[in-house]
Amino acid sequence: MEIIFLILKHKYVIYSQLQMLANVKICFSFLLFSDSHLQQKESYNGTQLSEFLLLGLSQALERQSFIYGLFLSMYLATVFGNLLIILAVSSDSHLHTPMYFFLSNLSLVDICFTSTTIPKMLWNIQTQSKVITYEGCITQMYFFMLFAGVDNFILTVMAYDRFVAICHPLHYMVIMNPRLCGLLVLLSWMMSALNSLLHSLMVLRLSFCSDLEIPHFFCEFNQVVQLSCSDTFLNHMIMYFSAGLLGGGPFAGILYSYSKILSSICGIPSAQGKYKAFSTCASHLLVVSLFYGTALRVYLSSTATHSSHSSATASVMYTVVTPMLNPFIYSLRNKDIKRALENFLGR
C-alpha cells in the first residue's frame, strides 16, 4: 500500500508541475500578444508620431507660385507696417500714452501672430513639401493660440481705454496709470499662455490614426483634434468653455464699452465735438470689426458647412489680412501716428 501511495503521490506532483508549466506558457503567450497589441497601438499614439501633412490652400501646382508671391508680400507688409508703428510710438515722446502703448503691443502681437504660420507655409511651398513634424505642429498650435488670445485681450483693453477716455475724461490719467496699463498687458499674456498650454497638453494625450493630413495651411486646433482616433469629448468641452469664457467675455466687454461710448457721444451737443470724440475710437472699432467679424464668420461657416477647405481659405482673413491692415488703418486715420512716422522716416 505504501508503494502504491508513493507512486500516486509522485504522479500527482508530476501532473501539478505539468499543469503549472502549461499555465506559465499560457500567461507568457498572453503577455506576448498584449505587448504586440500595445506596440501596434502606440505606433499611432501622438507621442510616437513623426509628422503631419499640411495640405495648404490649394494642391494645384500651377497656383503655388501665385500663392507664394501673394503671401510673401502680405507677410512682409505685415511685419514692416507693424514694425514702423512700434518704432514711431517708441521714438515720439508725445505718443507715450496708454492708447499708443496698447497700440504698440498690438503691433508686436500681430507680427508674432503671422510669424507662427506664414513662414512655415512659404517654406513648404518653396521646398515642395507638405510635412510638419509632430513637435512642430504642437508648437505652432501653442503659439498660434497664444498670440490670438493676446490679440483678443489687447483689443478688449483698448476698448476699455477708449471708454475711460470718452466717458470719464477728467479721471483718465488717474485711472489709466502706467502701473494699470502694464498689469493689463501682463494679465493678457498670462491668461493666453495658460489657455494655450491647457489646449496643447490636451492634444498630447490623444492618439492619432494613419490619416494625418490636415486640410489647412497651419496646425489649427480643431483640425488636429478631428484627426484623433481616441475620444475627443473632453477636448471639445474645454474648447467650447474657453471660447465662451475667454472669447465671448472680452467680446461682450467690447460691446459694452462701445455702447457706453456711443451714448456719451450722442450726449455731446456740438457736431464737431461728436466727430472728434468718434474719430478717437474709429480706427480701433474698424480693427475690432475686422478681427471678430472674420473670425466668427470662419468658425460659424465651418460649423454649418463642415468644409475644411473653405474654412482654411476664410482663415486667411483674420490670420493674415487683418494684421496686415492694422498699421494702415491706424496710420491713415491718425494724425499723431502720421506725424511720428514722418519724423522717424525723416531721420
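Residues numbered from 1 in each chain as written. Predicted model: local features only at pLDDT ≥ 70, side-chain atom pairs only at ≥ 80, totals over all residues. Heavy atoms only, no water.

Per an unreviewed UniProt entry, the recorded name for the protein is Olfactory receptor, and the organism is Myotis brandtii.

1. Here we look at the sheet that holds strand E2 (residues 131-133)
Sheets are built from strands that pair by backbone hydrogen bonding, the pairs being arranged parallel or antiparallel. Selection rule: Here a strand pair is declared whenever DSSP counts at least two bridges between the two strands. Numbered from the N terminus, helices here are DSSP runs of H or I no shorter than four residues, and strands are runs of E no shorter than two. Any two residues whose heavy atoms approach within 4.5 Å at even a single point are treated as in contact. Each axis is a line fitted through C-alpha atoms, taken for helices only over the stretch in contact, and angles between the N-to-C directions span 0 to 180 degrees.
Within the open sheet, the three strands sit side by side as E2-E1-E3. Their pairing is mixed. Strands with a single pairing partner mark the edges of an open sheet, and in this sheet they are E2 and strand E3 (213-214). Two strands pair when backbone bridges link them, and strand E1 (residues 51-54) and E3 are joined in this way by two bridges, in the parallel orientation. Residue pairing across strands places Leu-54 opposite Ile-214, the latter belonging to E3. Sheet strands touched by helix H5 (residues 134-167): E1, E2 and E3. Its angle to E2, the strand with the most contacts, is close to 80°.

2. Remarks on helix H4 (residues 118-127)
Definition in use: Only protein chains enter the accessibility calculation, which uses a 1.4 Å probe; a residue whose area is less than 20% of its type maximum is buried, one above 50% is exposed, and one in between is partly exposed. Each C-beta atom gives one direction from the helix axis, and the arc is the one those directions make.
Of all the positions in H4, only Ile-118, Met-121, Leu-122, Asn-124 and Ile-125 are classed as buried. One side of H4 holds all its buried residues, which, seen down the axis, span an arc of 160°. Residues Trp-123 and Gln-126 are exposed on H4 and point more than 90 degrees away from its buried face.

3. Looking at the side chain of Gln-64
Structurally, Gln-64 can be placed in helix H2 (residues 64-91). Look past the residues within four positions of Gln-64 in its chain and what remains in contact with it is Ser-58, Gln-59 and Ile-125.

4. Description of a nonpolar patch on the surface
As a reminder of what qualifies: The patches described consist of residues with a relative accessible area above 30% and no salt bridge, like charges being joined within 9 Å and nonpolar side chains (Val, Leu, Ile, Met, Phe, Trp, Tyr) within 5 Å. To measure how exposed things are, a 1.4 Å probe is used in the Shrake-Rupley method; for residues, cover is taken only from the protein chains shown. Salt bridge, as used here: a side-chain nitrogen of Lys or Arg that lies within 4 Å of a carboxyl oxygen of Asp or Glu.
Together, Leu-76, Phe-80, Leu-83, Leu-84, Leu-87 and Leu-345 line one region of the surface with nonpolar side chains, adding up to about 520 Å² of accessible area. As for its placement among the helices and strands, Leu-345 is situated in helix H12 (residues 335-346).

5. Structural notes on the environment of Met-324
For Met-324, the location among the structural elements is in helix H11 (residues 308-332). You can call Met-324 buried: its relative accessible area is 17%. Residues Met-324 and Met-74, spaced 250 residues apart in sequence, show a C-alpha to C-alpha distance of 6.7 Å. Beyond its immediate chain neighbours, meaning those up to four positions away, Met-324 contacts Met-74, Ala-77 and Thr-78.

6. Thoughts on the confidence of the model for the protein
How we decide: Every residue gets a pLDDT, meaning the predictor's confidence in that residue, from 0 to 100.
Confidence along the protein averages 82 in pLDDT terms, with 81% of residues attaining 70 or more. Looking over the protein, one finds the lowest element-wise mean pLDDT in helix H1 (residues 2-42), namely 40, and the highest in helix H7 (residues 178-204), namely 96. Predicted confidence is poor over residues 1-47, with pLDDT under 50, and the contacts of this stretch with residues over four places away or in other chains come to 16 contacts.

7. So, the nonpolar core
The condition is simple: By convention a nonpolar core is built from buried Ala, Val, Leu, Ile, Met, Phe, Trp, Tyr and Cys residues, the set being connected through side-chain atoms within 4.5 Å.
Leu-57, Phe-71, Leu-155 and Ile-337 are the most contacted members of the largest nonpolar core, which totals 64 residues. Per-element tally for this core: the top contributor is H5, with 14 residues. Filtering out sequence-adjacent residues up to four positions away, Ile-337 remains in contact with Ile-85, Val-89, Leu-95, Tyr-100, Leu-103, Tyr-330 and Ser-331. Formed by 19 residues, the second largest nonpolar core is a distinct cluster that contains Ile-138, Met-145, Leu-206 and Ile-214.

8. Observations concerning the pattern of salt bridges
Counted under the stated rule, the structure contains two salt bridges. Taking the shortest distance from any N to any O, the salt bridge between Arg-339 and Asp-336 comes out at 3.2 Å. Of this pair, Arg-339 and Asp-336 both sit in helix H12, separated by three residues, roughly a single helical turn. A residue is classified by how much of its surface remains accessible, and Arg-339, at 34% relative accessible area, is partly exposed.

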